[in-house]
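Inside the fold
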Amino acid sequence: MTRKRNNSLEKLWKRHKGKCHYCKRRLTKELGRSLTATKDHIYAAGNDFVHRLFRPKIKGSKSLVLACQRCNSWRGNMPYHDFKSLVEGKLSRGERLPGGE
Ligand SMILES: [Zn+2]
């Protein structure tokens, strides 16, 4: 179980080159940090319409992205595209992200 989880995190790490999908910060594999690498589900449960619409195309690990702990908890149940444009908007305006150092 643990091993499987680590393997898929490892795959995501490689695909995203160790950076958060949303804020592009360099992540750490150390646990318990705000920049700890986590897996984030693109289509969170609860967003039924989007889920049904996109699910056939995003089977398996493609429905996951690498995200820092901070973005992951900040996003909560926000739809993927809303959250991504929120983060990108803040970054492009040079605004700090919540919980930023
Ligand atoms: Zn992030």
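Right above here is the structure, for reference.
Below: a short report on this structure. Because the structure is predicted, anything quoted here is derived from the model rather than measured. (Residues numbered from 1 in each chain as written. Predicted model: local features only at pLDDT ≥ 70, side-chain atom pairs only at ≥ 80, totals over all residues.)

Section: the overall build of the protein
Of the regular secondary structure elements, the protein holds four helices and two strands. Along the protein, helices and strands appear, N-terminal first, in the series α-β-α-β-α-α. Relative to its 101 residues, the protein shows a buried fraction of 20%. Counted over contacts in the protein with a minimum sequence separation of 6, partners at least 24 positions apart contribute 67%. (Helix = DSSP H or I, 4+ residues; strand = E, 2+ residues; numbered from the N terminus. Buried ≥ 20, exposed ≤ 12 C-beta atoms within 10 Å, placed from the backbone. Contact = placed C-beta atoms within 7 Å.)

Some remarks on helix α4 (residues 80-92)
Taking 1.5 Å as the rise per residue, α4 with 13 residues should run 18 Å; its terminal C-alpha atoms sit 18 Å apart, in good agreement. Taken together, the buried residues of α4 touch α3 (69-75). Immediately beyond the C-terminal end of α4, within one or two residues, lies Gly94, with a positive phi of roughly 70°. (Expected span 1.5 Å × (residues − 1).)

Here's the deal with the environment of His21
Along the chain, His21 turns up in the loop between α1 (2-15) and β1 (37-41). Look at His21 and you get buried, because 21 C-beta atoms sit within 10 Å. Residues His21 and Leu66, 45 residues apart in the sequence, show an inter-C-alpha distance of 5.7 Å. Excluding residues within four positions of it along the chain, His21 makes contact with His16, Val65, Leu66 and Ala67.

Side note on the nonpolar core
With 13 residues, the main nonpolar core has Cys20, Tyr22, Leu27, Leu66, Ala67, Cys68 and Cys71 as its most contacted residues. The set of elements that each furnish at least two residues to this core consists of β2 (64-68) and α4. Of all the elements, β2 adds the most residues to this core, at four residues. Excluding its chain neighbours within four sequence positions, the residues that come into contact with Ala67 are Cys20, His21, Tyr22, Thr38, Asp40 and Asn72. (Core = buried A, V, L, I, M, F, W, Y, C linked by C-beta atoms within 7 Å.)

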